[in-house]
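Spelled out from the first residue to the last, the chains are:
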Amino acid sequence: MNRFILSTITAIGLVLCLTCSPLAAQEIIDILLKNAHVIDPHNERNGRFDIAIIGNKIHKVGKNLPASHAKRVIDLSEFYVTPGLIDLHAHFDAYGADLNLQPDHHSLTNGVTTAVDAGSSGHKGFEKFKAETIDKSKTRLLALLNIVGAGMYGPEVEDDPKQMDVDAAVRMVKKYPDTIVGIKTAHYEPANWTAVDNAREAAEKSNTVLMVDFRPKEGRGYRELLLEHMRPGDMHTHVYSRRFDWLDENNKVKSYMWEARKKGVLFDVGHGNGSFYYRKAVPALKEGFLPDTISTDIHKRSIMLPRANMATTMSKFLNLGLTMEQIIERTTVAPAKAIRRTELGTLSEGADADIAVFRLSEGKFGFLDSGRAKMIGDKKLFCVLTVRNGAIVWDTEGLAATEFTNAGPYTNFR
Amino acid sequence: MMARVLLILMVGLASRLTAPAQTYDLLLKNGHVIDPANEIDGLMDVAINGNTISRVAESIDSSSAGKTIDASGLYVTPGLVDLHAHPYLCNSGPLFPDDVWLTTGTTTLVACGDAGWRNFDDFKAKIIDKAQARVLAFINIVGKGIAGGPAEHDLSDMDPEKTAAKILEYPDLIVGIKTAHYNNPDWIAIDRSIEAGHLTDRPIIVDSGILSNTGRTTREKLLDKFRPGDMHTHFYNDRQVEVVSRFGGKVQPYMWEARRRGVLFDMGHGAGSFLWPVASKAMKGGFQPDTISTDLHQKSIRAGAPDMPNCISKMMLLGMPFGEAIRRSTVTPAESIQKFPELGTLGKGQVADVAVLKIERGTFAFKDAWGNKKMGSRRVRAVMTVRNGEIVFDEDGLGFPLWAEAGEYDQIP
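Residues numbered from 1 in each chain as written. Chains lettered and ligands numbered in written order. Predicted model: local features only at pLDDT ≥ 70, side-chain atom pairs only at ≥ 80, totals over all residues.

As for the overall build of chain B
Inclusion rule: The way it works is that DSSP assigns letters per residue, a run of H or I at least four long becomes a helix, a run of E at least two long becomes a strand, and they are numbered from the N terminus. Computation of the radius of gyration draws on C-alpha atoms, with the globule rule given as 2.2 Å multiplied by the number of residues to the power 0.38. Residue burial is a threshold on neighbouring C-beta atoms within 10 Å of the residue's own C-beta, all placed from the backbone, with 20 or more meaning buried, 12 or fewer meaning exposed, and counts in between meaning partly exposed. In this description, a residue-residue contact is defined by the distance between C-beta atoms placed from the backbone, which must lie within 7 Å.
A count of helical and extended segments in chain B gives 11 helices and 15 strands. Here the C-alpha radius of gyration of chain B, 23 Å, is about what a compact globule of 413 residues would show, namely 22 Å. By principal-axis analysis of the C-alpha atoms, chain B measures approximately 85 × 50 × 40 Å. Counting across all 413 residues of chain B, residues that qualify as buried make up 56%. Counting contacts in chain B only where the partners sit at least 6 residues apart, residues at least 24 apart contribute 76% of the total.

Quick look at the overall build of chain A
Secondary structure assignment for chain A yields 12 helices and 15 strands. Relative to the 2.2 N^0.38 estimate, which gives 22 Å for 414 residues, the radius of gyration of chain A is 24 Å and therefore close to what a compact globule would have. The dimensions of chain A, computed from C-alpha atoms along their principal axes, are 95 × 55 × 50 Å. Sequence separation of 24 or more characterises 76% of the internal contacts of chain A that already satisfy a separation of 6 or more.

A closer look at the nonpolar core
Applied cut-off: By our criterion, buried Ala, Val, Leu, Ile, Met, Phe, Trp, Tyr and Cys residues that link up through C-beta atoms within 7 Å make up a nonpolar core.
Of all hydrophobic cores here, the largest spans 244 residues; its most connected members are Ile51(A) and Val110(B). Setting aside anything within four residues of it in sequence, one finds Ile51(A) in contact with Leu33(A), Ala36(A), Val38(A), Ile58(A), Val61(A), Val81(A), Leu347(A) and Ile355(A).

Focus on the interface of chain B and chain A
Filter applied, for reference: For this scheme, ten residues count as nonpolar: Ala, Val, Leu, Ile, Met, Phe, Trp, Tyr, Cys and Pro. Four count as charged, namely Asp, Glu, Lys and Arg, and the remainder, Gly too, count as polar.
Taken together, the contacts link 36 residues of chain B with 36 residues of chain A. For the side of chain B that touches chain A, the elements supplying multiple residues, two or more each, are helix H2 (97-101), helix H8 (276-284), strand E13 (354-367), strand E14 (373-387) and strand E15 (390-394) of chain B. With three residues, E15(B) is the largest single contributor of residues to the side of chain B that touches chain A. Residue composition of the side of chain B that touches chain A, by class: 18 nonpolar, five polar and 13 charged.

What to know about the confidence of the model for chain A
Put simply, the test is: As a per-residue measure, pLDDT tells how confident the predictor is, with possible values from 0 to 100.
Residues with a pLDDT of 70 or more make up 93% of chain A, whose mean pLDDT is 94. A low-confidence stretch, residues 15-24 of chain A (pLDDT under 50), is modelled with zero contacts involving residues beyond four sequence positions or located in other chains.

Section: the sheet that holds strand E8 (residues 140-146) of chain A
All names here are of chain A. Note the following rule: Two strands are counted as paired when DSSP detects at least two bridges linking them. To get an axis, fit a line to the C-alpha atoms, keeping to the stretch in contact for a helix; angles then go from 0 to 180 degrees between the N-to-C directions.
Spatially, E6-E7-E8-E9-E10-E11-E12 is the arrangement adopted by the seven strands of the open sheet, whose pairing is parallel. A single partner strand is all that each edge strand has here, and the edge strands are strand E6 (85-90) and strand E12 (266-268). On average, each strand axis in the sheet is tilted by 30° relative to the strand beside it, whichever way the strands run. Bridge count for E8 against strand E9 (residues 180-185) is four bridges, and the pairing is parallel. By the bridge assignment, Asn146 is partnered in E9 with Lys184.

Examining the packing of helix H4 (residues 160-169) of chain B against helix H5 (residues 188-200) of chain B
Packed helices, taken two at a time, are described by their axes: the angle between them and the distance between them. Residue and element names in this part refer to chain B. The condition is simple: Put simply, angles under 35 degrees are roughly parallel, angles over 145 are roughly antiparallel, angles from 65 to 115 are roughly perpendicular, and the rest are oblique. Put simply, a crossing is left-handed when the front helix is turned counterclockwise from the back one by less than a right angle, and right-handed when it is turned clockwise.
Two elements in contact, H4 and H5, have axes whose closest approach is 9 Å; the angle formed by their N-to-C orientations is 40°. The orientation of H4 with respect to H5, classified from their angle, is oblique. Considering only the axes of H4 and H5, their crossing is right-handed. Where H4 abuts H5, its residues Pro160, Thr163, Ala164, Ile167 and Leu168 lie against Arg192, Glu195, Ala196, Leu199 and Thr200. The residue inventory of the contact of H4 with H5, partitioned by class, reads six nonpolar, two polar and two charged.

Digging into the sheet that holds strand E8 (residues 134-140) of chain B
Residues and elements named next belong to chain B. Reading across the sheet, the seven strands line up as E6-E7-E8-E9-E10-E11-E12 and stay open at both edges, with parallel pairing between neighbours. Sheet topology places strand E6 (80-85) and strand E12 (264-266) at the edges, where each strand pairs with a single neighbour. Recorded for the sheet is a direction-independent mean angle of 25° between the axes of neighbouring strands. Here strand E11 (residues 231-233) runs beside E12; their pairing, made up of three bridges, is parallel. Looking at the pairing, His232 lines up with Phe265 of E12. Across the sheet, H5 touches strand E9 (174-179) and strand E10 (204-206), and the angle it forms with E9 is around 165°.

Let's talk about helix H6 (residues 194-206) of chain A
Each full turn of the α-helix corresponds to 3.6 residues, which orients residues three or four apart in the same direction. All names here are of chain A. Worth spelling out the cut-off: Under the convention used throughout, the expected extent of a helix is 1.5 Å for every residue step, that is, one less than its residue count.
Look at H6: 18 Å from first C-alpha to last across 13 residues, which is about the 18 Å you get at 1.5 Å a residue. If you follow the buried residues of H6, they end up packed against helix H5 (166-175), E9, strand E10 (209-212) and helix H7 (222-229). Phi turns positive one or two residues past the end of H6, at Asn207, with a value near 55°.

Things to note about H5(A)
Residues and elements named next belong to chain A. Our working definition: Throughout, the arc means that of the directions going from the helix axis to the C-beta atoms.
All of the buried residues in H5 are Val166, Ala169, Val170, Met172 and Val173. Seen from one end, H5 has its buried residues packed into an arc of 160°, which puts them on one side. Exposed side of H5, more than 90 degrees from the buried face: Asp167 and Lys175 are the residues found there.

Description of the environment of Asn273(A)
All names here are of chain A. Tracing the backbone through its elements, the reader meets Asn273 in the loop between E12 and helix H9 (278-286). A count of 21 C-beta atoms within 10 Å places Asn273 in the buried class. Linking Asn273 and His299, residues 26 residues apart in sequence, is a C-alpha distance of 8.3 Å. Apart from residues lying up to four places away in sequence, Asn273 is in contact with Arg301, Ser302, Pro306 and Ser370.

What follows is the structure in structure tokens.
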């Protein structure tokens, strides 16, 4: 009798399981982004797709995903959807050195879900930066640790070799391997290689990458930096600044730039307040010397007149002739690879749900470079919606918002 | 002798006539000027010399200007004045002044109680003195400022005399006293703020966070406690449904009575204090904010995104004419903090703080503090900001040359 009941229950259970399994495949979708023009270079997608998000992960990317199983459906047929962008060069140590900005209202509003702070702090200030800003931000903040222990606190410390304690820097990188992705050197004036070589040594010893901001001097040339002092995978930022002699008298890119690229040195934009000039970028792009990564060097000054935020910086390159796909590649998969965090910058199923949505507006727009000279363009990108870790953190066109008359009773005692 | 004098005079005259007479440093041409303080609303040019407004008139000759900007199709207004800002301390996280306010046409922001007498000097050194924007302050009656719940209920740290002393130490910077986030069932925080106000001849600004279970009412606050000129901020929220009655949606009679007494009502949008149902019913009943302000902080800036142009757009959506919204974002706030006529005006000789705004037409969503939207067809956006005579923000580069024509530039002034 008991056996009969047991086997009956087992049989019913089996039948239930069998009928359940097709249902299980139809899980409840938290957010379904419909009909977007998806550009996801990592997965070689450039076309109309739907994106399903469950919890904080990308669940599925495909055509015609059913809306009936989604709690929230957002129609994005007017927009481009990309992986959450990675800004490889930002300054977000908000309560550290003076020029830094607070991250979230500059990054998330520009589709940037991961920002790499480029050396605002060194090993002495990093933990303060982490406690005050990194741990409190919605943006995923990573860091390149300044080889200068004190960080970007002016020439007194930044030009001082005694500040460059390689072992202390390496210890800090190893203590926070999830957050510190490499070493930065910047602003070093004395005409020797101490800063670059110390920074490279710290990168070698911590098995991370190096980013260099460089000031050529008599006896300390740019060519030499690229070909003799940088390793494959190391990054030179501010490539379109006025400091470098890589254009010849006929505005042709000199051969050592191609040689460095072949060797594997990466060239980053790092727009900033002094490092993006049309008269450098235009001839370079004309010859096909594109940046490997597009980044902002956003800080208190560069955000004002040059508007070095991500959407505007990308818009400048769009008007200079790069395609959307080229631009998204250089703001997602390329920077992810450069910092060896290839799980980022992708809309792969199972990846963290970090997503950016852009409107591509047509009209007449002016764009200033770091020297405050203007280019007139006819296209401009505006970030309209951002998803970070599965949550909508920016929605300036109210695409996911309810009309207030349908929002139910308003009361403070919700 | 006489001939020599004549000759000198003549040479002098001639050189004045032939010298390149650059009378103005900056000329904003062909814009629609709205300057409520001077009752200007029409096509005008605005000339700036050094850091002051030189002249506002029709057809000022551009050959007399160092830099001329074509503002056709745009509105030129005094730099906006935001009465409710959080650039130093705020429970939802403060924002820095320049990257947030100057890029939205706002040249003056008033910290709304961020610091008290204990930390005002730190606020001044870290934020006020380093900002390009003009940062003024309501000082918190709490010595530590907005330092979180328990600290903001510490009666021993609410000292009217020390607060007054700090105000008198910085009379140009500290324009009034703020009290907020106080939920005890008594009037101590407000009474002490008013005392500091009496000692310094300054207004107080008070939030609306009085819960009914404290035994205090908004009516009592507005009619019995407030003096004329005192300000009630965040009034379009729903706590106790203060503005409009819960039943029938009419504006409460005591609101009108308070307004007649000279109590001022400040918008203070923020992340909890501008709700479409409340604001639309109040505006339907004709109850407008005296001053339009943002309560921008790290939370509100990504939620309702209530920067000054956004708040102005929202009031226009509720029927307020653009010129009226500009008045309540310039001259009215300046007057309310006793800073008129040096602020909120394009008057000759005043500091050249100017906003250039654009009214975009299309379909736009405007989200209230709780994230619910109302659709509108006009959106105000800042395209340029002049602070102290200098272009500090210029989204489309209207004030700068084309790169191909600029030669070997480093940084074009």
